[in-house]
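Residue-level structure breakdown
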Amino acid sequence: MANLYVWLKFLHLVGLGAFLLGHGISAGASFVLRRPLADTARAAVLQLSIRSYAAAGPGLLLLIVTGVWMGFLGSFWRSGWIWAAIAVFVATIVAMSAQSVPYHKARDAAGKNAAGEVETELKRARPMVLAAIGSVGLLALLFLMVFKPF
């Protein structure tokens, strides 16, 4: 129980769980928003999506901090797999951020009670593309972290 690396790995997984829980709620909301909904229901789902970041944000922060710390403790910075994992992580964030713009615009419009603008932005959204990017990125990261192939 005294091994710092084991505790950091535990906290890293706790961060992953919190991030996936919060982000999963937002992802689920993106699929629900593709269906016809009353304006009040649509606003509630958008609000749920926003509030889910209360878990996702701290989870992601914990994930990053413990990951970097373990990189130093394990002397992994000379290994190719950790740099590949960072590249996959950054690429996944950039790609998902670019694809999620319609959702952010819809949330902003919902806050202004602009129902027509919300609808327009949600029609531009591509939840399957977002899910595919996130899933492939997560699987690649898990592979790199578990197998440390190079």
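All figures in this text were calculated on a predicted structure; none of them were measured in a lab.

This part is about the packing of helix α1 (residues 4–32) against helix α2 (residues 39–51). It is the contact of α1 with α2, at a shortest axis distance of 8 Å, that shows an interaxial angle of 160°. Accordingly, the angle class assigned to the pair α1 and α2 is roughly antiparallel. Crossing of α1 against α2: the hand is left-handed. For the pair α1 and α2, contact is made by I25, S26, A29 and V32 and by V45, L48 and S49, respectively.

In this fold, S100 is placed in the loop between α4 (80–99) and α5 (101–111). Among the polar contacts made by the side chain of S100, one reaches the main-chain carbonyl oxygen of S97 at a distance of 3.1 Å.

So, on to the pattern of salt bridges. Here the structure, examined in full by the defined rule, presents 2 salt bridges. Between R42 and E119 there is a salt bridge, with its nearest N and O atoms 3.2 Å apart. Of this pair, R42 sits in helix α2 while E119 sits in helix α6 (residues 115–124), and the two are 77 residues apart along the sequence. By relative accessible area, which is 31% here, E119 ends up partly exposed. Between E121 and R124 there is a salt bridge, with the nearest N and O atoms lying 2.5 Å from each other. Of this pair, E121 and R124 both sit in helix α6, 3 residues apart, which is roughly one turn of the helix. Accessibility expressed as a relative area gives 9% for E121, which makes it buried.

Here we take up a nonpolar patch on the surface. A cluster of nonpolar residues, L4, W7, F10, L11, V14, L61, V65, W69 and L73, forms a patch on the protein surface that exposes about 820 Å² of accessible area. Put simply, the parts of the chain that give the nonpolar patch at least two residues each are α1 and α3 (53–73). Top contributing element to the nonpolar patch by residue count: α1, with 5 residues. Relative to the helices and strands, L4 is located in helix α1.

A29, L33, V45, L46, M96, Y103, A106, A109, V118, L122, A125 and L130 together form the largest nonpolar core, which totals 12 residues. Elements with a minimum of two residues in this core: α2, α5 and α6. Counting residues per element, this core draws most heavily on α5, which supplies 3 residues. Excluding residues that lie within four positions of it along the chain, A106 makes contacts with L46, V118, E121 and L122.

A word on the packing of aromatic side chains. Scanning all chains against the criterion turns up 6 aromatic pairs. Ring centres of F72 and W77 lie 5.4 Å apart, and the angle between their planes is 50°; this geometry places the pair in the tilted category. Aromatic ring contacts, followed pair by pair, group Y5, F76 and W81 into a single cluster. The positively charged end of K148 is found above the aromatic ring belonging to F76, 5.6 Å away from the centroid. Here the guanidinium or amino end of K148 rests over the ring plane of W81, the centre of that ring lying 4.7 Å away.

Residues shown with low pLDDT carry predicted positions that ought not to be read at fine detail. Mean pLDDT over the protein stands at 92; residues scoring 70 or higher make up 99%. No element of the protein has a lower mean pLDDT than α5, at 82, and none a higher one than α4, at 97.

The rules behind these values
Residues numbered from 1 in each chain as written. Predicted model: local features only at pLDDT ≥ 70, side-chain atom pairs only at ≥ 80, totals over all residues. Heavy atoms only, no water. Axes fitted to C-alpha atoms, helices over the stretch in contact; angles between N-to-C directions. Helix = DSSP H or I, 4+ residues; strand = E, 2+ residues; numbered from the N terminus. Parallel < 35°, antiparallel > 145°, perpendicular 65-115°, else oblique. Left-handed = near helix turned anticlockwise from the far one by under 90°. Contact = heavy atoms within 4.5 Å. Polar contact = N/O pair within 3.5 Å; in protein donor to acceptor, adjacent residues only side chain to side chain. Salt bridge = Lys/Arg side-chain N within 4 Å of Asp/Glu carboxyl O. Buried < 20%, exposed > 50% of the residue type's maximum accessible area, 1.4 Å probe, protein only. Patch = residues over 30% accessible without salt bridge, like charges linked within 9 Å, V, L, I, M, F, W, Y side chains within 5 Å. Areas by Shrake-Rupley, 256 points an atom, 1.4 Å probe, with all protein chains shown as cover. Core = buried A, V, L, I, M, F, W, Y, C linked by side-chain atoms within 4.5 Å. Phe/Tyr/Trp six-rings, centres within 6.5 Å; stacked < 30°, edge-to-face > 60°. Lys NZ or Arg CZ within 6 Å of the ring centre and 35° of its normal. pLDDT = per-residue confidence, 0-100.

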